[in-house]
Structures are given as C-alpha cells and as structure tokens.
Amino acid sequence: MRWGENRTHRCYMAILAFLLLVLGLCEPNEATSQKPNILLFMADDLGIGEIGCYGNYTIRTPNIDRLALEGVKLTQHISAASVCSPSRSAFLTGRYPIRTGMNGHDNGGKRVLLWNAASGGLPTNETTFAKVLKEQGYSTGIIGKWHLGVNCNSMDYFCHHPLNHGFDFFYGIPFTLVNECEPSRPGEIAVEYKEKLWFDAQVFFITVLTLIANKKWKLIDITWTVIVIFALSGTLFFMYWFIAFAFQPYWNCLFMRNLEIVEQPMDLKTKSGQIIKEAKAFINRNEDKPFLLFVSFLHIHTPHYTTKEFRGRSKHDLYGDNIEEMDWMIGQILESIDHNNLKNNTLIYFTSDHGAYLEGMEGSPHLKGSNGIYRGGKGMGGLEGGIRVPGILRWPGRLPANTVIDKPTSLMDIFPTVTNLGGGMPPKDRIVDGKDLMPLLEGHVLNSGHEFMFHYCAGHLHAVRWHQTSSETIWKVHYISPKFPEGAGACYGLKLCPCSGEKVIYHVPPLLYNLSSDPSEKNPLPSDSELYSKVLPTIQKAIARHNATLHKVPQQLYGLNNAWKPWLQPCCGTFPFCWCNKENDP
Ligand SMILES: *[C@@H]1O[C@H](CO)[C@@H](O)[C@H](O)[C@H]1NC(C)=O
Ligand SMILES: *[C@@H]1O[C@H](CO)[C@@H](O)[C@H](O)[C@H]1NC(C)=O
C-alpha cells in the first residue's frame, strides 16, 4: 500500500469516526423522545397528614418518602371532590364532576355509587387519559378500585367498565370496599336500612298477630286488605334483610379480571399480595413498550383490612398498620421498575382521592384519619382537609429531585400531563379543567395556570380558591360549610357531612380567608375590610364566568341511576345465588 492510499484510508476512517460520533451524540436524543411509561398510585381516603414526608413522624412511609426525595412534592395538590366517585371521575377525565354528571346529590347520601348493580357511572362519551394513551400505542392497565360504574342498560354491554374506558387490563373491584366485605366487621350499608327494617318487622309482626287473633276469635272476616298488607310487608321484610345483611357481600364485594368475575364474594386476605403480583406481572409484560399502569389501592378505606405481617406494627392501631402496608406495597412495585431498568423512563405519581375520613366507622370510631393542620375531611367539599391531598411526581433525569412546589395544582392536571407526554391530545370539543404540569415541574414557568379553583360538595359550590399571582397570595372564599356539633371538627354521628339543608351554614356574607398566611382557615377577614371588598368581587366574577361554561348533563349518581337494579347485578352463578372463586381454587 502506498503512502497516499494510506492517507486517503485514514481520512475515510476519520470521517467514519466523526459520523459515528455524531450518531452517538444523537442517540440520547432518540432515547428522550421515546414515550415514557406512566405509573400512577392512588390511595383511597388517605389524608395529607398521614405520610412521613408531609410531616407525620409516627407513621412509617419510607417508600413514599423516597419518591418525594427523588422527585417533586406538591403541597397544594387539590382533588376535585371530597368523596370517591366524583373525585375519581375528575382524575380520569381532567374535568370537574359537575361537567360529567358525576357530581352526585346530597339528598339520601347519593354522592357516590352505592351498588355494582346501579346504572350510573362514568359516561361512555367521556374521554379518560387511558383512552388517549391507548390510541397512542400504550398498554393500559388498572389494578384495584374503580367505583365508576359497571353497566347501564344491559348486563353484557359493560358501558361504564374500565375496559370500555380505555384500559385494556383490569384486575380489581368495580365498586369500593365496604365493611360488608370483611366478615368480622359490623355492616356499613346495613346501617342505612336498620330503621326501615325495624319498622317493617313491626308491621309484619302486627299483621301476623291480627291474622292469628282473627282466626281464633273470628273478629272480622279476613279481608283482601289484610292479606295484601301481609304479603307486602313480608316481601319488604325479606328484601331488606337480603339487601342489608345477607347478600351485601355477594352483590357488592366482588373481584373481576377484565370482564369476568373471579371472586364473589372477594377474599380480602389475599388482595395485597395479588395486587403486587399483578402489578409486577403487568410491568414485566410491558417492559419493551410504553405502558400506563394505574394502581388504585383498596387501602386505606374501611374496613382497613391488613395482612398478618403488618398488624400491630404501627403506633396507630389498624389504621396506621394499613398505611404502612400500602407503603410497603408501593416499594414492592417500584422494585419491578428498577429491576427492569425502567426508572429513568417512567413517570411515577402518588396521590389520594381526597382527604382522610374523620368521623370513624360504626363499631370502630377510633379508626379515623388525620389531615394534618387542615380543617375538615372526607365528604366536606369546601374545607381544605377534604380536598388537599399528597401529590408526588418522580422522573429521574427529567424532573428535579428533592423539590417542593407550593403552587395550587389539581388531580385533574394528570389528564393533560400524561396525554401530552404520551404524544396524544386532550379532546378539543369540551372543556378540560386540568393543566399540563410539566412546565411547572420542570421549572419553565412559575405557576400552574390555575388561577381559580371551584370546590363543590355534590352540586353545590361551597368554596372558591383564587391564586392572585400579582401578590402571590392564595385567597379562599367559603359560601357554604358543614355545621359541626358544638366544639367538634367533623360531623360525628353522621356517615358524611351533608352538602346542603339544615346541617350546613350558608355564609352571608361569605367568609374570606388568606390561605397563604392562614392555611388552617381559622381567621376570616372582616367583611368590612378594604381587602375583602377588593378580593370578593374578583372571585364573584370568576364564578359567573365559570357558571357560563356549565351545561345540564344526565345525573349519574342520582335517582334511579343509583338504585339497585337486579337485572344489572354482576353475578357469577345464577341470580340471586352469586358466588364463585375461580382464581384460588386448587
Ligand atoms: C399521623 O397519622 C395518624 C393517623 O391518622 C394521626 O393519628 C397522627 O395524629 C398523625 N400525626 C401527625 C403529626 O400528624
Ligand atoms: C355526553 O352525552 C350527554 C347526554 O347526551 C351530553 O349531555 C354530554 O354533553 C355529552 N358529553 C360530551 C363530552 O360530549
């Protein structure tokens, strides 16, 4: 080989090396444009005052705390409602429940779905983030609690079911946990029927006595009226008995795998282990393609079922044990992410559907939650404790670590955030109330874009928050709030605080708080102060603008839509004898 040739060769080599280098430099860019995985954790009824990194020093939550250490902790993260079904509908759609008919009604406790066999639920024409991400090629799964309905017209349509709302995998309960799901606990739904049952039993008893006396002494002819009363009260008696006591665990406590019922009634003992197993399996199945996994815990809702390993471990009885178990479950699932080398390409989010339950359950009033310094709790739509929840996001390399953001953000923000990250678009034909969180989290902007937030209790506007960016002040005005028994901080004796009627206070003039300096909402501003007269009109105008965007939509949680309909009862077997155990049979 001549020298010149060699030089040309070396020159080619240099060009080749340069090209490789350029390609090499391009590689990380390609990696970042790859779609991220989304892993969402939602606790049920967990309060903001019950996690280590939010200031609880007696409950151990090392795994959640680690997420905050490696990511961003939101300290003013607000749920759209203070009870399950409405809050969850808003989370999945990015829209206030009042827009989707999922707001509920405070009369007769119809604020959440009460039956698997109800016809209400998340309307089919609403778009969840799962639906958008699925269209973008994501594998979409939900494990755990749904509580947004099953069927609407017929048994085999599953119109409200997760699989009809963009998820291609479901393993969990279509309903919520109730005390009836745990045989050792006093019934919860049964309580509502106790009085009716007692009245009916008396009618029944008196009728029987009348009939016997009549037969013996022939006082009057047995008329058809007596027979009809007898038959009617007898039927009602048995109906209440079935609904209230006997069939409750079968009708409401069931577990599904996709569209199939696999356990009826469900066995709570096995659930923590199975949820971890299914979540890990989902992550392993999808390690090579983008996925969205929503782990919607049954913890820490009553009856606080906790496995043996965690019972008696915490300083807060079964309640604390249950939280510590949930934290451990999160650790187990995160292990799968790390193990599959997905940590840097997965956005992880942790939240709770609303504030902690303060009233405590019948039979175990000491098992109640804490919302830290915030007033109020679950069921109280306007008070901070009902709606301010933990919010943590971790995405190493993309989001800063160990960062705290105190700007108002909403659970509804997850909708535009993850749809945008997945390459999709929020629907354009409707109002989406959530805001994309990424610019705020990455530090590109200073504010979330939520200038006003509307805090509903069922269909009643209880309070409004205003983030006045010019003075960096958070104002909150209360129009309606629950009336507590003297000196109490919750509606003891009731299952939930009502949203309207005699047991609430209508504030005239409305109460105005400076939440920035008074986060516990203790000292309202004098209504004759100059500040009050400046702030209130701005908020009133915002309400008028908000009201102009509302339309009448079918009510999903009210009236017949929230009644038990036998023909819609998901049933594994022959109705009314619904039972099976398909996954644990040897
Ligand atoms: C921690 O949580 C428990 C359970 O809700 C509660 O009783 C306790 O007061 C909380 N501690 C703090 C410091 O908030
Ligand atoms: C869904 O359908 C209901 C009933 O027809 C309608 O009122 C509502 O506006 C629709 N929602 C959307 C987002 O299209």
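Okay, so let's go over this structure. Predicted model only: the values in this text are computed from it and were never measured. (Residues numbered from 1 in each chain as written. Chains lettered and ligands numbered in written order. Predicted model: local features only at pLDDT ≥ 70, side-chain atom pairs only at ≥ 80, totals over all residues. Heavy atoms only, no water.)

Concerning the site of ligand 1
As a matter of local geometry, ligand 1 sits amid Gly49, Glu50, Gly55, Asn56, Tyr57, Thr58, Ile59, His316, Tyr319, Gly369 and Ser370. Between an oxygen atom of ligand 1 and a side-chain N or O atom of Glu50, the distance comes to 2.7 Å. Between ligand 1 and Asn56 there is a distance of 2.3 Å, counted from an oxygen atom to a side-chain nitrogen or oxygen. For ligand 1, the protein covers 72% of the area, taking 360 Å² as the surface of the free molecule. Among the residues forming the shell around ligand 1, the class breakdown is three nonpolar, seven polar and one charged. (Near = heavy atom within 4 Å. Polar contact = N/O pair within 3.5 Å; in protein donor to acceptor, adjacent residues only side chain to side chain. Areas by Shrake-Rupley, 256 points an atom, 1.4 Å probe, with all protein chains shown as cover. Nonpolar A, V, L, I, M, F, W, Y, C, P; charged D, E, K, R; others polar.)

Brief notes about the sheet that holds strand β15 (residues 504–514)
Here we have four strands laid out as an open sheet, ordered β12-β13-β14-β15, and antiparallel in their pairing. Bordering the open sheet on either side are β12 (452–457) and β15, each of which pairs with just one other strand. Pairs of neighbouring strands in the sheet enclose a mean axial angle of 15 degrees, with direction left out of account. Relative to strand β13 (residues 460–468), β12 runs antiparallel, the two sharing six bridges. Pairing of Tyr456 across the sheet is with Leu461, part of β13. (Pairing = 2+ DSSP bridges. Helix = DSSP H or I, 4+ residues; strand = E, 2+ residues; numbered from the N terminus. Axes fitted to C-alpha atoms, helices over the stretch in contact; angles between N-to-C directions.)

So, the site of ligand 2
Surrounding ligand 2, one finds Arg95, Asn125, Glu126, Arg430, Val553 and Pro554. Asn125 places a side-chain nitrogen or oxygen 2.3 Å from an oxygen atom of ligand 2. Computed on the free molecule, ligand 2 has an accessible area of 360 Å², of which 51% lies beneath the protein chains in the complex. In terms of residue class, the shell around ligand 2 is made up of two nonpolar, one polar and three charged.

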